[in-house]
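Summary of the model geometry
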Amino acid sequence: MNPDVVPGARPGTQLLLLEDDPAIAQTVQFALQREGFHVEICGWLHEARARLSAGAPAAAILDVGLPDGSGLDLCRELRAGPLAHLPILMLSARSEEMDKVLGLELGADDYLAKPFSPRELVARVRALLRRAATPPPAAAAPAGLAQAFVLEGEGSRLRFHGELLQLTRRELGLLLKLLEAPQRIHSRELLLDAVWGQDADSSDRTVDTHIKTLRAKLRALRPELDPIRTHRGLGYSLE
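Note that the structure is predicted; figures quoted are calculated from it, not measured.

1. Things to note about the sheet that holds strand 3 (residues 59–63)
Spatially, 2-1-3-6-7 is the arrangement adopted by the five strands of the open sheet, whose pairing is parallel. Pairing within the sheet leaves two strands with one partner each, and these edge strands are strand 2 (37–42) and strand 7 (110–113). With strand direction ignored, the average angle separating the axes of adjacent strands in the sheet is 20°. Pairing of strand 1 (residues 13–18) with strand 3, which is carried by four bridges, proceeds in the parallel orientation. From the neighbouring strand, Leu17 faces strand 3, where its bridge partner is Ile61. Contacts from helix 5 (residues 118–132) reach strand 1, strand 2, strand 3, strand 6 (88–92) and strand 7 within the one sheet, and its direction differs from that of strand 7 by about 175°.

Structural data, given as structure tokens:
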């Protein structure tokens with residue numbers, strides 16, 4: 001096995017690959033298995049749903065175009081359910097910016113357009129697992145927001161006015177970072193570095209799309225409230 005395999009990616013680490021093209025699926029499986037991963041392939045959306053209902057893999061690699069639906073639909077379902085924190089890499093033959101933005105808005109952690117290098121895909125999977133193994137630091141809600149936001153599970157869960165928020169790992173990380181200093185304006189660069197890390201292949205737009213989905217989830221619970229404040233050209237803060 002390659003000596004620089006990410007810590008925690010022990011031989012047999014389970015990955016789910018949802019890909020209906022046998023040639024691509026076999027290439028990806030071979031590249032990942034060389035690094036010590038165990039890759040289970042599903043060619044249909046309903047097969048992947050059944051597999052995920054039986055237990056969570058370490059990460060999921062989802063193709064967008066499938067015979068019976070779209071990997072984007074599965075991504076949306078996962079982010080709204082008990083596997084909300086599952087690392088997800090989207091694969092797509094589409095390279096347009098809006099398709100990538102849609103995948104990120106639905107909660108994907110990363111997006112790779114076809115054709116791609118198997119070595120790049122392996123590197124991105126490693127990065128996903130490395131970041132997933134380093135949870136965002138827990139922060140106690142400041143006094144002014146203590147009643148609105150309550151942390152549970154050593155910082156792994158967050159309630160908003162008593163309701164449990166169904167957050168992705170990135171959304172949780174953003175909210176915890178904002179809660180550290182709610183009166184401070186956090187730049188996009190600072191948020192990107194704090195939540196995605198130095199090795200993230202992301203941009204300021206990634207922060208914006210995740211803030212958008214985070215706001216939507218907060219408003220779904222309390223439509224009259226919008227605690228995240230945008231400072232044009234500067235960044236975000238919490239009120």
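That shown, we press on.
2. Section: the pairing of strand 2
Note: strand 1 against strand 2, six bridges, orientation parallel. Along strand 2, the bridge assignment pairs Gln14 with His38.

3. Comments concerning the confidence of the model for the protein chain
In the predicted model, the protein chain carries a mean pLDDT of 81, and 82% of its residues have values of at least 70. Segment residues 1–11 is flagged for pLDDT under 50; beyond a separation of four residues in sequence, or across chains, it makes 19 contacts in the model.

4. Comments concerning the sheet that holds strand 10 (residues 163–164)
In spatial order, the strands read 8-9-10; together these three strands make up an open sheet with antiparallel pairing. Sheet topology places strand 8 (149–152) and strand 10 at the edges, where each strand pairs with a single neighbour. As judged from the four bridges shared by strand 8 and strand 9 (residues 157–160), these two strands associate in the antiparallel manner. Paired with Glu152 across the bridge in strand 9 is Arg157.

5. Comments concerning the pattern of salt bridges
Evaluation of the coordinates by the stated rule reveals 17 salt bridges. Arg126 is the partner of Glu35 in a salt bridge, and the nearest nitrogen-oxygen pair spans 2.9 Å. A residue pair is termed long-range when its members are at least 10 positions apart, and Glu35 in the loop between helix 1 (22–33) and strand 2 and Arg126 in helix 5 qualify at 91 residues. Each member of the pair, Glu35 together with Arg126, is buried. The partner of Arg222 in a salt bridge is Glu224, and the shortest N-O contact between them spans 2.7 Å. You can call Arg222 partly exposed: its relative accessible area is 27%. Salt bridges here are not isolated pairs; linked through shared partners, they connect Arg79, Asp109, Arg169 and Arg170.

6. Examining the nonpolar core
The biggest cluster of nonpolar side chains holds 23 residues, and the ones touching the most others in it are Phe149, Leu174, Leu175 and Val207. Broken down by secondary-structure element, the contributors of at least two residues to this core are strand 9, helix 6 (169–180), helix 7 (188–196), helix 8 (204–221) and strand 12 (235–238). A per-element tally of this core places helix 6 first, with six residues. Ranked by size, the runner-up nonpolar core spans 20 residues in total, among them Leu18, Ala60, Leu74 and Leu106.

7. Focus: a negative patch on the surface
Among the surface-exposed residues, Asp20, Asp21, Glu47 and Asp68 lie close enough to one another that they form a single negatively charged patch. Taking relative accessible area as the criterion, Asp21 reaches 32% and is therefore assigned partly exposed.

What counts, and where the lines are drawn
- Residues numbered from 1 in each chain as written.
- Predicted model: local features only at pLDDT ≥ 70, side-chain atom pairs only at ≥ 80, totals over all residues.
- Heavy atoms only, no water.
- Pairing = 2+ DSSP bridges.
- Helix = DSSP H or I, 4+ residues; strand = E, 2+ residues; numbered from the N terminus.
- Axes fitted to C-alpha atoms, helices over the stretch in contact; angles between N-to-C directions.
- Contact = heavy atoms within 4.5 Å.
- pLDDT = per-residue confidence, 0-100.
- Salt bridge = Lys/Arg side-chain N within 4 Å of Asp/Glu carboxyl O.
- Buried < 20%, exposed > 50% of the residue type's maximum accessible area, 1.4 Å probe, protein only.
- Core = buried A, V, L, I, M, F, W, Y, C linked by side-chain atoms within 4.5 Å.
- Patch = residues over 30% accessible without salt bridge, like charges linked within 9 Å, V, L, I, M, F, W, Y side chains within 5 Å.
- Areas by Shrake-Rupley, 256 points an atom, 1.4 Å probe, with all protein chains shown as cover.
- Lys, Arg positive; Asp, Glu negative; His and termini not counted.
- Charge placed at Lys NZ, Arg CZ, Asp CG, Glu CD.

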